[in-house]
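Commentary on secondary and tertiary structure
In case you want the letters, here they are:
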Amino acid sequence: MAMACFSASTKVSLKFGAKAFAKNRLPGYLDSVVSFPVSRTLDGGLCSPIRVENENRAYGSNVIVGALKGRHLNTTLSSTNGHVKVPERVTVLVIGGGGREHALCYALERSPSCDAVFCAPGNSGIAQSGDATCIPDMDITNSENVISFCRNWGVGLVVVGPEAPLVAGLANDLVKAGIPTFGPSSEAAALEGSKDFMKKLCDKYNIPTAKYQTFTNPADAKQYVKDQEAPIVVKADGLAAGKGVVVAMTLDEAFEAIDTMLIEGSFGSAGSRVIIEEFLEGEEASFFALVDGETALPLESAQDHKRVGDGDVGPNTGGMGAYSPAPIVTEELKEKVMESIILPTVKGMAAEGCKFVGVLYAGLMIEKKSGLPKLIEYNVRFGDPECQVLMMRLESDLAQVLLAACRGELGKVSLNWSPELATVVVMASEGYPGPYKKGTVIKNIDEAEQVSPAVKIFHAGTAFDTDGNFVAAGGRVLGVTAKGKDIEEARAKVYDALDVVDWPEGFYRHDIGWRALKYCHLAAH
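Every chain begins its residue count from 1, and numbering advances along the sequence as written. Local features in a predicted model are, by the rule used here, given only for residues with pLDDT of at least 70; side-chain atom pairs are given and counted only at 80 or more, and totals for whole chains, interfaces and linings are based on all residues. Side-chain measures here rest on the full set of heavy atoms in the structure, leaving out hydrogens and waters.

In the annotation of an unreviewed UniProt entry, the protein chain is listed under the name phosphoribosylamine--glycine ligase and assigned to Sorghum bicolor. If you open the UniProt record of the protein chain and go to Catalytic activity (unreviewed entry), you find "5-phospho-beta-D-ribosylamine + glycine + ATP = N(1)-(5-phospho-beta-D-ribosyl)glycinamide + ADP + phosphate + H(+)". UniProt positions are given in the numbering used here, feature names are shortened, and annotations may be inferred rather than shown by experiment. Check the Pathway (unreviewed entry) section of the UniProt entry for the protein chain; it says "Purine metabolism; IMP biosynthesis via de novo pathway; N(1)-(5-phospho-D-ribosyl)glycinamide from 5-phospho-alpha-D-ribose 1-diphosphate: step 2/2."

With that settled, the discussion passes to helix 7 (residues 195-205). Turning to helix 7, its buried residues number three or more, namely Lys195, Asp196, Met198, Lys199, Leu201 and Cys202. Secondary structure counts use DSSP, requiring at least four H or I residues in a row for a helix and at least two E residues in a row for a strand, with both numbered from the N terminus. Following helix 7 by one or two positions, Asn206 adopts a phi angle in the positive range, close to 55°. Three labels apply to residues, based on accessible area from a 1.4 Å probe with only protein chains included: buried if under 20% of the type maximum, exposed if over 50%, partly exposed otherwise in between.

Attention now moves to the pattern of salt bridges. Salt bridges are defined by distance alone: a side-chain nitrogen of Lys or Arg within 4 Å of a carboxyl oxygen of Asp or Glu. Taken as a whole and assessed by the stated rule, the structure comprises 27 salt bridges. Where Glu277 meets Lys199, a salt bridge forms, and the shortest distance between an N and an O atom there is 2.6 Å. With a gap of 78 residues between them, Glu277 in strand 14 (residues 274-278) and Lys199 in helix 7 connect regions that are remote in the sequence. With respect to burial, Glu277 and Lys199 carry one shared label: buried.

We now examine the environment of Asp292. One can find Asp292 in strand 15 (residues 282-292). By relative accessible area, which is 9% here, Asp292 ends up buried. Sequence-wise, Asp292 and Leu410 are 118 residues apart; in three dimensions their C-alpha atoms are separated by 6.3 Å. Non-local contacts of Asp292, meaning those with residues more than four positions away in its chain, are made with Phe356, Val357, Ala404, Ala405, Gly408, Glu409, Leu410 and Gly411. The contact criterion used is simple: two residues touch if any of their non-hydrogen atoms lie within 4.5 Å.

Quick look at the pairing of strand 20 (residues 321-324) now. Of the two faces of strand 20, the one carrying Gly321 and Tyr323 and the one carrying Ala322 and Ser324 are both buried. The sheet contact formed by strand 17 (residues 303-304) and strand 20 spans 2 bridges and is antiparallel. Note that in strand 20 the partner of Gln303 across the bridge is Tyr323. Pairing analysis gives 4 bridges linking strand 20 to strand 23 (residues 421-429), with the strands arranged antiparallel. Pairing of Ala322 across the sheet is with Val424, part of strand 23. For two strands to be treated as a pair, DSSP must find no fewer than two bridges joining them.

Turning our eyes to something else, we now look at the state of the cysteines. Here, the word disulfide means a covalent bond between the sulfur atoms of two cysteines. Cysteine sulfur atoms that pair up within 2.5 Å are treated as a disulfide. Using the criterion set out here, one finds 0 disulfides in the structure. Between Cys114, a free cysteine, and Cys105, which holds the nearest cysteine sulfur, the sulfur-to-sulfur gap is 9.1 Å. Under the relative-accessibility criterion, Cys114 is labelled buried at 0%. Cys134 takes part in no disulfide bond, and the closest cysteine sulfur, belonging to Cys119, lies 5.1 Å away. Cys134 sits in the buried class, given a relative accessible area of 0%.

Lines fitted to C-alpha atoms define the axes, with helix axes restricted to the stretch in contact, and inter-axis angles between N-to-C directions lie between 0 and 180 degrees. Between helix 8 (residues 218-228) and helix 9 (residues 251-263), the least distance of the axes is 10 Å, while the angle of their chain directions is 160°. Here helix 8 is positioned roughly antiparallel relative to helix 9, judged by the angle of their axes. Both helix 8 and helix 9 take part in a crossing whose hand is right-handed. When helix 8 is examined against helix 9, the residues Pro218, Ala221, Lys222, Val225 and Lys226 are found in contact with a partner set consisting of Leu251, Ala254, Phe255, Ile258, Asp259, Leu262 and Ile263. Here the nonpolar group is Ala, Val, Leu, Ile, Met, Phe, Trp, Tyr, Cys and Pro; Asp, Glu, Lys and Arg are the charged ones; every other residue, Gly included, is treated as polar. By residue class, the composition of the contact of helix 8 with helix 9 is 9 nonpolar, no polar and 3 charged. Roughly parallel covers angles under 35 degrees, roughly antiparallel covers those over 145, roughly perpendicular covers 65 to 115, and oblique covers all other angles. Each helix crossing is assigned a hand: it is left-handed if the near helix lies turned anticlockwise from the far helix by less than a right angle, otherwise right-handed if that turn is clockwise.

Let us now look at the side chain of Arg515. With respect to the element layout, Arg515 can be found in helix 15 (residues 514-524). For Arg515, a relative accessible area of 17% gives the class buried. For this analysis, a polar contact is any N or O atom pair within 3.5 Å, provided that within protein one partner can donate a hydrogen and the other can accept it, and provided that sequence-adjacent residues contribute only side-chain to side-chain pairs. Of note is the side chain of Arg515, whose polar atom sits 3.2 Å from the side chain of Asp312. With residues near it in sequence (within four places) discarded, Arg515 still touches Glu283, Gln303, Asp312 and Tyr323.

What makes a nonpolar core is a set of buried Ala, Val, Leu, Ile, Met, Phe, Trp, Tyr and Cys residues whose side-chain atoms join them at distances within 4.5 Å. If you look at the biggest cluster of nonpolar residues, it comprises 57 residues, and the most contacted ones within it are Leu93, Val158, Leu191, Ile342, Leu375 and Tyr378. A per-element tally of this core places helix 10 (residues 331-351) first, with 7 residues.

What follows concerns the sheet that holds strand 13 (residues 245-248). The strand order across the open sheet formed by 4 strands is 11-14-12-13, and the pairing between neighbours is antiparallel. On the outer flanks of this sheet lie strand 11 (212-215) and strand 13, each paired with one strand and no other. Between one strand axis and the next, the sheet turns through 20° on average, direction left out of account. Of the pairings in the sheet, the one linking strand 12 (residues 232-236) to strand 13 comprises 4 bridges and is antiparallel in character. Bridging from a neighbouring strand, Val233 pairs with Val247 of strand 13. Strands strand 11, strand 12, strand 13 and strand 14 of the sheet are contacted by helix 7, whose axis makes an angle of about 140° with strand 11.

The subject of this paragraph is unusual backbone geometry. Cis geometry marks the peptide bond from Ala120 to Pro121; its omega dihedral reads -5°. By secondary structure assignment, the location of Pro121 is in strand 7 (residues 114-121). Residue Pro231 is bonded to the preceding Ala230 through a cis peptide linkage, with omega at 0°. Within the secondary structure, Pro231 sits in the loop between helix 8 and strand 12. Within the chain, Asn206 stands out as a residue other than glycine whose phi angle is a positive 55°. On the basis of relative accessible area, Asn206 is assigned to the exposed category, the value being 67%.

Strand order in the open sheet formed by 5 strands is 8-7-6-9-10, with parallel pairing between adjacent strands. Looking at which strands have only one partner, the edges of the open sheet turn out to be strand 8 (133-134) and strand 10 (181-182). Each of strand 6 (90-96), strand 7 and strand 9 (155-160) touches helix 3 (residues 143-152); the most contacted strand, strand 6, lies at about 160° to it.

What follows covers the environment of Thr141. With respect to the helices, strands and loops of the structure, Thr141 is situated in the loop between strand 8 and helix 3. Of the residues examined, Thr141 reaches a relative accessible area of 68% and is grouped as exposed. Measuring from C-alpha to C-alpha, the distance between Thr141 and Ala164 comes to 9.1 Å, with 23 residues separating the pair along the chain. Of note is the side chain of Thr141, whose polar atom sits 2.4 Å from the side chain of Asp139.

Given below as structure tokens:
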């Protein structure tokens, strides 16, 4: 690799075509860059990170010129009085490679204080969009690799997207190494990593939740189901990629779920214990709060669509669509959730010796008969696809907000949100959440995104084939997202964009946002 050095008083102009440094990689990946060290300032200090617009970026003590989208570059770096004049900024590494992580990268890239965004491993769509520079070869399960990268590239904030690295202790290792990390320790991540842990915390700190019992013996579990009768809910205790929950409408369905988890071991160790829970009738909602260990800051509400089919039929998925805000989450209900669920959880975790730092995602049931919220489950990361609509609406500097959480300073933070409503519809591979085919070609993604300036397509499971086409590489593949003045306008923009995407092997729900539409119609009359 060609190297060049310059002093603090040097003015440097660079022009490169994309071909000069493609290195057999597609644009947007880390090794599709030219890198050279920045010398010290005249007083001996290292130059601060520099924001270079138009997709040409400086990271930490290195200047990196990215070949995003194959554009030619013309970058000028100058100085005054012997010092490079730059504001204090932060370089961010996002861990993960799904639609949630793409949304986080998108919001961070728009953050005024964010100097640069890396994403590991990322995906082809994130790289191609220019929302982050992807590091596809980083082993995110190896903490030393992540720490080394952060030190080499001047990363000042790590945002961990998925739950698995958190449960495995990645945040513990990063914080120990002195790297600000947004995401809970492995001990605190047990709120999601073990439903039994979460339920016991609810018992101890009087947090409203469904009645339950935990079992390892299938015969005992079945007897409990017989005693309680259907409908009833069977849950795998550990992480099961959003698929370890069965809402059994009959005893036979409950027995089958118990056998699948405890006898057949379909979820491995995650299903070695099951929680049998009472069936709550009402409306589900997603509630998010940023937490710094002691203070909780609520985010805007969102509502997910878990079932695979129109009309909320079929098996549960990781989420087929969402919208924000959710009309059911009124200001009064938000206060009740904070007082009865979120704050007792934050205080309880601190009392248990495992302060929670990160985002608490409470899956709620608003009970039909009482109108009161009960906690169904906790996730310890942003929801997917709820994160997509939240990041579309967030107008605050996300990098600074997350740093404040890491520093225990959320009490000083307020959030600004777009008044518009946002909707996301997930395009999934045919067969999902069951077996599905990978490698099917997806066309017209760019054209779909150009349907309206309010449309943004987040990539969850895409890759490139040898001809440079986007292909499906997962179950949930695209999150087609849009903002509008109301639910009707947002939905219209999303479905107009979906009509443009050419993917015969993909499918999506046609009724995302139906509950919000119902509320709008009721309010109108």
